[in-house]
Amino acid sequence: MNNIITPDHGSSLTPADTPASLEKALEKSEDVKEKMVDCVTELATVNEAVKQEMATGITLRQAKKALAQSESVEEKVQECADELHEVNQVLAEGIGDRNEINRELKKMGRKLAATQHMLSHAQDVLAVAEEAAEQASQRTLRDFVTGIPNRELFNDRLEQAIALAQRGGWILGVMFIDLDRFKAINDTHGHAVGDRVLQAVAQRLDEQVRSGDTICRWGGDEFLYLLVNPQSAGNIEGVARKVLDRISEILIIDDLTLSIEPSIGIAVYPSNGRTSQELLVNADAAMYRAKKMKTGFNFFDDVQQDGG
């Protein structure tokens, strides 16, 4: 028993139980090895599933599921690494022969290296799942035809802007934009041309949008423009005029020369509404007045003055 290393003061091992501790540690290392094999198999399955789903158009729900699975496997692999570290410590404390210690440590080192490889693989799978989830999320928040934000994303931005405006004492401007005679273009030239008109309008709006503001396609031939802290109604009017002029420019699609004129209704927070619903309803009402009166754009205050 002279070759047995006496445990440190804080260790629970004694010379008498060292062989049993060693045997237990070796058994545990075999258990960890089996767990590693299971993790590798599960990771391969998750990775293959993500690749197949991405090839066919992974959904946000599927991406989140794959992400959760890969995170679960990564936790298992980390547990294996922790267990191997514990085995390593027991071997270092419980084996008296220095050469035997070195051999066992080399074995554990190889296993730990394998664990690191598995962790790296798990992180790769996790990155693939996260990217797929991000892509799926972006698809759900962007308009399919134009690529600009859709109403879901716009509503979220509007709610955030109202909260900030309440705290900062700002005003907000919501412009409701409708394309006059768009139905005639669709009916005469077909939906493919109609979609290209919508894409061109979205591009022109995107050129005009200020930093921090948000545009969206609300649906059909309707667009929205959120102005955050525009300082004054005069500044809102200036933006509205620029948007009106830019969208009204002649549009050439293949051999067609088209004229698009928008009608714009404007509601201002907080004077024309303190909730997103009130602002949208009032901006819509102002847009219908602009369309009826052929004024190009109108503030909701004009509707109120008419008694509407």
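What counts and what doesn't
Residues numbered from 1 in each chain as written. Predicted model: local features only at pLDDT ≥ 70, side-chain atom pairs only at ≥ 80, totals over all residues. Heavy atoms only, no water. Helix = DSSP H or I, 4+ residues; strand = E, 2+ residues; numbered from the N terminus. Buried < 20%, exposed > 50% of the residue type's maximum accessible area, 1.4 Å probe, protein only. Contact = heavy atoms within 4.5 Å. Areas by Shrake-Rupley, 256 points an atom, 1.4 Å probe, with all protein chains shown as cover. Salt bridge = Lys/Arg side-chain N within 4 Å of Asp/Glu carboxyl O. Pairing = 2+ DSSP bridges. Axes fitted to C-alpha atoms, helices over the stretch in contact; angles between N-to-C directions. Right-handed = clockwise from strand over helix to strand, strands pointing away. Core = buried A, V, L, I, M, F, W, Y, C linked by side-chain atoms within 4.5 Å. Arc of directions from axis to C-beta.

Engineer: Explain the overall build of the protein here, please?
Structural biologist: Secondary structure assignment for the protein yields nine helices and seven strands. Residues counted as buried form 42% of the 308 residues belonging to the protein. Within the protein, residue pairs in contact and separated by at least 24 positions form 69% of the contacts whose partners lie at least 6 positions apart. As displayed, the protein has an accessible area near 17000 Å², and 49% of this comes from carbon and sulfur atoms.

Engineer: Explain the pattern of salt bridges to me, please; I cannot follow it from the model alone.
Structural biologist: Side-chain pairs of opposite charge can arise whenever the charged atoms involved come near each other. Summed over all chains, the structure comprises nine salt bridges. With its nearest N and O atoms 3.3 Å apart, the salt bridge here joins Arg-217 to Asp-143. Separated by 74 residues along the polypeptide, Arg-217 in strand 2 (residues 214–219) and Asp-143 in the loop between helix 3 (98–141) and helix 4 (151–168) bring together distant segments of the chain. Neither Arg-217 nor Asp-143 differs from the other in exposure class; each is buried. The partner of Asp-213 in a salt bridge is Arg-210, with the nearest N and O atoms 2.5 Å apart. Classification of Asp-213 as buried rests on a relative accessible area of 10%. You can call Arg-210 partly exposed: its relative accessible area is 31%.

Engineer: Would you explain the sheet that holds strand 3 (residues 222–228) in this entry?
Structural biologist: Strand pairing in a sheet takes place through backbone hydrogen bonds and is either antiparallel or parallel in direction. Spatially, the five strands line up as an open sheet ordered 2-3-1-6-7, and their pairing is mixed. Where the open sheet ends on each side, the last strands, each with one partner, are strand 2 and strand 7 (297–299). The average angle at which neighbouring strand axes cross in this sheet is 20 degrees, direction not considered. Sheet topology places strand 2 next to strand 3; five bridges connect them, and they run antiparallel. Across the sheet, residue Thr-214 finds its bridge partner in strand 3, namely Leu-226. Helix 4 rests against strand 1 (172–180), strand 2, strand 3 and strand 6 (261–269) of the sheet, and its axis sits at about 135 degrees to strand 2. Running over the sheet, helix 8 (residues 276–293) touches strand 1, strand 2, strand 3, strand 6 and strand 7 and is turned about 140 degrees from strand 6.

Engineer: Any chance you could explain the pairing of strand 6 here in plain terms?
Structural biologist: Taking burial as the measure, the nine residues of strand 6 include eight buried ones, the bulk of the element. Pairing geometry for strand 1 and strand 6, over nine bridges, is antiparallel. Its bridge partner being in strand 6, Leu-172 is matched across the sheet by Tyr-269. Taken together, the three bridges between strand 6 and strand 7 define a ladder with parallel strand orientation. Among the inter-strand pairings, Ile-264 is bridged to a residue of strand 7, identified as Phe-297. Following the backbone out of strand 6, through helix 8 and into the adjacent parallel strand 7, one traces a crossover that is left-handed.

Engineer: Could you clarify how one ought to interpret the nonpolar core in this entry?
Structural biologist: Taken as a class, soluble globular proteins show a tendency for nonpolar side chains to be buried jointly. Judged by nonpolar contacts, the single largest core of 33 residues is most densely connected at Met-175, Val-197, Leu-205, Phe-223, Tyr-225, Val-243 and Ile-266. For this core, the leading source of residues is helix 6 (residues 191–208), giving seven residues.

Engineer: Explain helix 5 (residues 182–189) here, please?
Structural biologist: Residues that lie three or four places apart on an α-helix share one face, since the helix turns once every 3.6 residues. When helix 5 is considered as a whole, its buried residues turn out to be Phe-182, Ile-185 and Asn-186. Down the axis of helix 5, the buried side of the element spans an arc of 100 degrees, and every buried residue falls inside it. Along helix 5, the residues that are exposed and aim more than 90 degrees away from the buried face are Lys-183, Asp-187 and Thr-188. Where the residues of helix 5 are buried, they touch strand 1, helix 6 and strand 5 (256–258).

Treat this as a map of the structure, not an account of what it does.
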